[in-house]
Amino acid sequence: MKIANYIQDLLYRYECVIVPGFGAFLSQRESAFIDAETNNLYPPKKTVSFNRQLVKNDGLLANYIADAESINYTTALNKIADFVHQLENSLKENDKAEIANVGEFTVSEDYTLQFEPFNKVNYLADSFGLDVVHSAKIQREVYKSQVQKIEEKAPIHFTPERRSRKAAFLKYAAVGILAIGLSGVAGLNIYSNQVAEHNIAEQQEAENQLQQQIQEATFVIDNPLPAITFNVEKQSGNFHLVAGAFRVEENAEKKVEELKKEGYKARLIGANKYGLHQVVFSSHKTRRDAVNALNRLKREDKAAWLLVQEL
């Protein structure tokens, strides 16, 4: 019947098509989806449903029929009434009625009207020409078992990588260069003040040791007091072995004390551009001395890295 074709045409264009005196067909867009069981990819579509309550004529279907068949509006309404009459007779006699390519109506045991849409036609115009795509299932477990069988027959031996001293040296040198870029002018000024404080502290410690030995010495008039010489090691060098960087300065100072108790010449070299207070095991004048000291730290399982920074 032609009216069924007209309903189909309007479903492509509108979301609601009312058949006066019978009900309305509603369409709703659905996104594309994948059926996990069949591995089928379905394109976007319009899902058609039916509402028995919307029976008032809105003129859409009647005007479309009148334009398509070049008849007046009243004649178009009469054609729709005949179509509805045929549907209702089919429901009374067979308990079912069908509109081609739209859906099927059935009467349930409690005498309610049920609608089942046909999914053969996709009324979404944007998906015109798109069909269901089937993809083969990926057999991951099969491939895994095949690989395991191959490995059993031909085991693969891995040789651990040997890192040369040269490679390690280049790594620490690169880290040192990066650290130079991260250190700011403020860090350099703070470090200069700390070096001066360190030198003063070392000098004061030497004087205290001298006074202590003088007080403990036994004086003999005939013999002059032997000269006492102390070697005060001054912090210098642009190659530093960093032990760590701390956000809180107090924690950095505690780390310095711990390292000193272990016999290291630890000290603070100031804060970097990120505000972290850097603690070093020691500082050296030449790169060779620094690298040798770094290797000794590695043998002692100490975490350290080389910072090249001119002070």
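Residues numbered from 1 in each chain as written. Predicted model: local features only at pLDDT ≥ 70, side-chain atom pairs only at ≥ 80, totals over all residues. Heavy atoms only, no water.

Asker: Just to check I follow, could you spell out the pairing of strand β6 (residues 96–99) for this structure?
Answerer: Note on strand geometry: in a regular strand, side chains alternate between the two faces of the sheet. Here β6 shows a clear split, with Ala 97 and Ile 99 buried on one side and none of Lys 96 and Glu 98 buried on the other. Note that β6 and strand β7 (residues 103–107) share four bridges and pair antiparallel. In the strand pairing of β7, Ile 99 is matched with Gly 103. (Buried < 20%, exposed > 50% of the residue type's maximum accessible area, 1.4 Å probe, protein only. Helix = DSSP H or I, 4+ residues; strand = E, 2+ residues; numbered from the N terminus. Pairing = 2+ DSSP bridges.)

Asker: Sorry if this is basic, but what is going on with the sheet that holds strand β10 (residues 239–246) here?
Answerer: With antiparallel pairing, four strands are arranged side by side in an open sheet as β11-β12-β10-β13. Every other strand in the sheet has two partners, leaving β11 (267–271) and β13 (305–308) as the edge strands with one partner each. Recorded for the sheet is a direction-independent mean angle of 45° between the axes of neighbouring strands. In the sheet, β11 pairs with strand β12 (residues 277–284) via three bridges, with the strands oriented antiparallel. By the bridge assignment, Arg 267 is partnered in β12 with Val 280. Across the face of the sheet, helix α8 (residues 287–299) comes into contact with β10, β12 and β13 while running at roughly 50° to β10. (Axes fitted to C-alpha atoms, helices over the stretch in contact; angles between N-to-C directions. Contact = heavy atoms within 4.5 Å.)

Asker: Explain the sheet that holds strand β8 (residues 113–117) to me, please; I cannot follow it from the model alone.
Answerer: Strands belonging to one sheet form pairs held by backbone hydrogen bonds; the direction of such a pair is parallel or antiparallel. Reading across the sheet, the three strands line up as β6-β7-β8 and stay open at both edges, with antiparallel pairing between neighbours. On the outer flanks of this sheet lie β6 and β8, each paired with one strand and no other. Going across the sheet, the axis of each strand differs from the next one's by a mean of 20°, ignoring polarity. Strand contacts of helix α3 (residues 73–94): β6, β7 and β8, with the helix running at about 145° to β6, the strand carrying the most contacts.

Asker: What am I meant to see in the nonpolar core here?
Answerer: Nonpolar side chains in soluble globular proteins generally cluster together in the buried interior. Of all hydrophobic cores here, the largest spans 30 residues; its most connected members are Ile 7, Val 19 and Phe 25. At the level of secondary structure, the elements contributing two or more residues to this core comprise α1 (2–13), β1 (16–19), β5 (45–51), α2 (60–69), α3 and β6. Among all residues touching Ile 7, those that are not within four sequence positions of it are Val 17, Val 19, Phe 25, Leu 61, Phe 83 and Val 102. In terms of nonpolar packing, the next biggest core, distinct from the first, is built from 18 residues, Val 256, Leu 259, Tyr 264 and Val 308 among them. (Core = buried A, V, L, I, M, F, W, Y, C linked by side-chain atoms within 4.5 Å.)

Asker: Would you take a moment to explain α8 for this structure?
Answerer: Each turn of an α-helix holds 3.6 residues, which means side chains three or four residues apart point in the same direction. Over its 13 residues, α8 extends 18 Å from the first C-alpha to the last, a length consistent with the 18 Å expected when each residue adds 1.5 Å. Taken together, the buried positions of α8 are occupied by Ala 290, Val 291, Ala 293, Leu 294 and Leu 297. The buried residues of α8 occupy an angular sector of 165° when projected down its axis, which confines them to one face. Facing away from the buried side of α8 by more than 90 degrees, the exposed set consists of Arg 288 and Arg 299. Where α8 terminates, the next one or two residues include Asp 301, which has phi positive at roughly 60°. (Expected span 1.5 Å × (residues − 1). Arc of directions from axis to C-beta.)

Asker: Which parts of the structure should I look at to understand a negative patch on the surface?
Answerer: A contiguous patch of negative charge, built from Glu 249, Glu 250, Glu 253 and Glu 257, is present on the exposed surface. Summarising the element assignment, Glu 249 is placed in helix α7 (residues 249–261). A residue is classified by how much of its surface remains accessible, and Glu 249, at 36% relative accessible area, is partly exposed. (Patch = residues over 30% accessible without salt bridge, like charges linked within 9 Å, V, L, I, M, F, W, Y side chains within 5 Å. Areas by Shrake-Rupley, 256 points an atom, 1.4 Å probe, with all protein chains shown as cover. Salt bridge = Lys/Arg side-chain N within 4 Å of Asp/Glu carboxyl O. Lys, Arg positive; Asp, Glu negative; His and termini not counted. Charge placed at Lys NZ, Arg CZ, Asp CG, Glu CD.)

Asker: Sorry if this is basic, but what is going on with α3 here?
Answerer: Between its terminal C-alpha atoms α3 stretches 32 Å, which fits the 32 Å expected from 22 residues at 1.5 Å a residue. Residues of α3 that are buried include every one of Ala 76, Ile 80, Phe 83, Val 84, Leu 87 and Leu 91, and no others. The buried residues of α3 occupy an angular sector of 95° when projected down its axis, which confines them to one face. Turned more than 90 degrees away from the buried face of α3 sit Thr 74, Lys 92 and Glu 93, all of them exposed. Of the residues one or two after α3, Asp 95 is the one with positive phi, at around 60°.

Asker: Looking at this model, I keep getting lost on the packing of aromatic side chains. Mind explaining?
Answerer: The full count for this structure, using the stated rule, is ten aromatic pairs. Here the aromatic rings of Phe 25 and Phe 115 are separated by 5.7 Å at their centres, their planes lie at 65°, and the arrangement is edge-to-face. In this pair, Phe 25 is assigned in strand β2 (residues 23–30) and Phe 115 in strand β8, connecting sequence segments 90 residues apart. When its relative accessible area of 0% is taken as the criterion, Phe 25 is described as buried. Judged by relative accessible area, which is 18%, Phe 115 ranks as buried. Relative to Phe 115, the ring of Phe 105 has its centre 4.9 Å away and its plane inclined at 45°; by these criteria the two rings are tilted. Linking Phe 105 in strand β7 with Phe 115 in strand β8, this pair joins segments that are ten residues apart in sequence. The class for Phe 105 is buried, based on a relative accessible area of 0%. Joined through ring pairs, the aromatic side chains of Phe 22, Phe 25, Phe 50, Phe 105 and Phe 115 make up one cluster. Of note, Arg 52 hangs over the ring of Phe 22, and the distance from its end group to the ring centre comes to 5.0 Å. (Phe/Tyr/Trp six-rings, centres within 6.5 Å; stacked < 30°, edge-to-face > 60°. Lys NZ or Arg CZ within 6 Å of the ring centre and 35° of its normal.)

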